[in-house]
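Per-entry structural report
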Amino acid sequence: METTVVDVNLGEHSYPVFIGTGCLQPILPSLIPPTARRAAVITQENIGVEIATGIEQKTFYIADGEHIKTLTTIEKLCSEWAKWGLTRSDIIIAVGGGLVTDVGGFAASIYHRGLEVIHVPTTLLGMVDAATGGKTAVNLPEGKNLVGSFWQPSAVVCELETLLSLPEREWRCGYGEMAKYHFIGSNDFRQLELAEQITHCVRFKADVVSEDERETGRRAILNYGHTLAHALELEKDFVLAHGEAVAIGIRYAAEVARLLGRIDQDRVDEHESVLKHYGLSYTLPPSSDIEKLIALFSRDKKAVEKISFVLDGPKGIELVEIDDKVILKKAMEALL
Ligand SMILES: NC(=O)c1ccc[n+]([C@@H]2O[C@H](COP(=O)([O-])OP(=O)(O)OC[C@H]3O[C@@H](n4cnc5c(N)ncnc54)[C@H](O)[C@@H]3O)[C@@H](O)[C@H]2O)c1
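Residues numbered from 1 in each chain as written. Predicted model: local features only at pLDDT ≥ 70, side-chain atom pairs only at ≥ 80, totals over all residues.

Check the secondary structure of the protein chain and you find 11 helices and 11 strands. If one aligns the C-alpha atoms of the protein chain with their principal axes, the spans along those axes are about 60 × 40 × 35 Å. In the protein chain, which comprises 336 residues, the share counted as buried stands at 46%. Taking the intrachain contacts of the protein chain between residues at least 6 apart in sequence as the baseline, contacts between residues at least 24 apart amount to 69%. (Helix = DSSP H or I, 4+ residues; strand = E, 2+ residues; numbered from the N terminus. Buried ≥ 20, exposed ≤ 12 C-beta atoms within 10 Å, placed from the backbone. Contact = placed C-beta atoms within 7 Å.)

We now examine unusual backbone geometry. A positive phi is found at arginine 113, a non-glycine position, where the angle reads about 60°. Inspection of the secondary structure assignment puts arginine 113 in the loop between α3 (98-110) and β6 (116-121). The phi dihedral of phenylalanine 238 is positive, around 65°, even though this residue is not glycine. Relative to the elements of secondary structure, phenylalanine 238 occurs in the loop between α7 (226-235) and α8 (242-259).

Our next topic: the site of the ligand. By nearness alone, 28 residues border the ligand, and Gly97, Gly98, Leu99, Thr123 and Ala130 come closest of all. The set of elements that each furnish at least two residues to the shell around the ligand consists of α3, α4 (124-130), α5 (168-181) and α8. (Near = placed C-beta within 6 Å.)

Let's shift gears to the packing of α8 against helix α9 (residues 265-277). Packed helices, taken two at a time, are described by their axes: the angle between them and the distance between them. Here α8 crosses α9 at 175°, and the two axes come no closer than 9 Å. The angle between α8 and α9 falls in the class roughly antiparallel. Mapping the contact onto sequence places Ala247, Ile250, Arg251, Ala254, Glu255 and Arg258 in α8 and Gln265, Arg267, Val268, His271, Glu272 and Leu275 in α9. Within the contact of α8 with α9, the residues separate by chemical class into 5 nonpolar, 2 polar and 5 charged. (Axes fitted to C-alpha atoms, helices over the stretch in contact; angles between N-to-C directions. Parallel < 35°, antiparallel > 145°, perpendicular 65-115°, else oblique. Nonpolar A, V, L, I, M, F, W, Y, C, P; charged D, E, K, R; others polar.)

Turning to the nonpolar core, a few remarks are in order. Grouped together as the largest cluster of nonpolar side chains are 100 residues, with contacts concentrated most on Val157 and Ala253. When residues of this core are sorted by domain, at least three fall in each of domain 1 (4-167) and domain 2 (224-334). Leaving out residues up to four positions away in the same chain, valine 157 has contacts with Phe18, Cys23, Leu24, Ile27, Leu28, Ile118 and Val120. (Core = buried A, V, L, I, M, F, W, Y, C linked by C-beta atoms within 7 Å. Domains from an automatic or database assignment.)

So, on to the domain arrangement of the protein chain. Domain boundaries in the protein chain define domain 1 (4-167) and domain 2 (224-334). If you average the C-alpha positions of domain 1 and of domain 2, the two centres end up 30 Å apart. The interface is formed by 10 residues belonging to domain 1 together with 9 residues belonging to domain 2. No other element matches strand β8 (residues 143-150), which puts 4 residues into the side of domain 1 that touches domain 2. Across the side of domain 1 that touches domain 2, the residue classes tally to 2 nonpolar, 5 polar and 3 charged.

Once that is clear, we can look at helix α10 (residues 290-297). If you check which residues of α10 are buried, you get Leu293, Leu296 and Phe297. One side of α10 holds all its buried residues, which, seen down the axis, span an arc of 110°. More than 90 degrees from the buried face of α10, the exposed residues found are Glu291 and Lys292. Those residues of α10 that are buried are in contact with α7, β10 (307-311) and α11 (325-334). (Arc of directions from axis to C-beta.)

Reading across from one edge, β1-β2-β9-β6-β5-β3-β4 is the order of the 7 strands in this open sheet, with mixed pairing throughout. Each end of this open sheet is capped by a strand with a single partner; those strands are β1 (4-8) and β4 (56-61). The sheet shows a mean angle of 20° between the axes of neighbouring strands, taken without regard to direction. As paired elements, strand β2 (residues 15-20) and strand β9 (residues 155-159) share 4 bridges and run parallel to each other. Across the sheet, glycine 20 pairs through a bridge with glutamate 159, a residue of β9. This element, helix α1 (residues 24-31), spans β2, β6 and β9 of the sheet and lies at about 170° to β9. (Pairing = 2+ DSSP bridges.)

This part is about the pairing of β1. Two elements, β1 and β2, share 5 bridges in a ladder whose sense is antiparallel. Its bridge partner being in β2, threonine 4 is matched across the sheet by isoleucine 19. Hairpin connection of β1 to β2: 6 residues between the antiparallel strands, including glycine 11 at a positive phi of 55°.

Below, the discussion takes up α8. The end-to-end C-alpha distance of α8, which contains 18 residues, comes to 25 Å, matching closely the 26 Å that a straight helix rising 1.5 Å per residue would cover. The element α8 is extensively covered by neighbouring structure, given that 16 of its 18 residues are classed as buried. Phi turns positive one or two residues past the end of α8, at glycine 261, with a value near 75°. (Expected span 1.5 Å × (residues − 1).)

Let us now look at the environment of glutamate 291. The topology assignment puts glutamate 291 in helix α10. C-alpha of glutamate 291 to C-alpha of alanine 253: the two residues are 38 residues apart in sequence and 17 Å apart in space.

Structure representation (structure tokens):
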């Protein structure tokens, strides 16, 4: 397969996203800025993707699991970079899933007040969503992604060969985010090959981000399914992975929209058909604490005064403010 390039158009912060097989090693050295003397590679031990930047490089490992997506991890990384002598003209390469690119991107955005980062996503979720768009964050005990920054990478390289080692559960997680695109304005792309599906999602996201980098409007549609997803991840102490929680969140958003009279049962069935196509489960775990989940909604950073939900409706996807907790509860009960 030849390499496809999708541009994220953001003026002086524009960058390319490469998608292909066997593209990483030929492309990566050409993306290193001439000013960079050193490349700090951030990854996880089990990922095992070797890269060669063509300049002096050192690998910094972070541990696995959403629990380490914290300010402590950021501080530790920055300390290690400082001890190594990494300067502002050097570069970070984040090689991993959404956790690594979120952490690597955030650390890059604040170390020496910001240095360049290239993302090399190695999970499906990272390729179709997390690595592109410049949102970076870590979690607080009070909520997911509560501390972060907008920091665009200087390039993203989606090397499809890295997916060969991806465990089955991580494929499902990626499909959770992929399913989202079906409902937020994209046409049905279930029939495409994997590489084309990834390109389709990246193109869609690039278009949304180019129009609304800072999420003051249209970009909010990318959070479809995420209000419940973030609450579920916290309530279940991250036993549910992000993509799994998003799949449940998508079905929940459809139920809330139906109860509000915004969509009909056929559209709910369409949600179920897409989620099933990707092998996703969309029932609430039986032990879910509904009251706690609703309390967690209000802590989600996307909530202002009422609870903000991205919902389907007659005019398409919109941000809707909801203060009727009975409907939110009823929709959850329907998913148990
Ligand atoms: N910034 C954004 O716009 C954005 C969007 C969506 C999700 N996210 C964030 O992304 C994170 C989830 O990302 P994720 O689903 O990629 O999870 P992850 O990064 O935790 O990776 C999941 C697991 O897969 C392993 N792994 C990664 N690449 C592998 C490979 N090629 N082969 C074998 N194992 C591999 C990891 O080590 C980990 O154990 C969450 O923290 C979520 O909040 C961010």
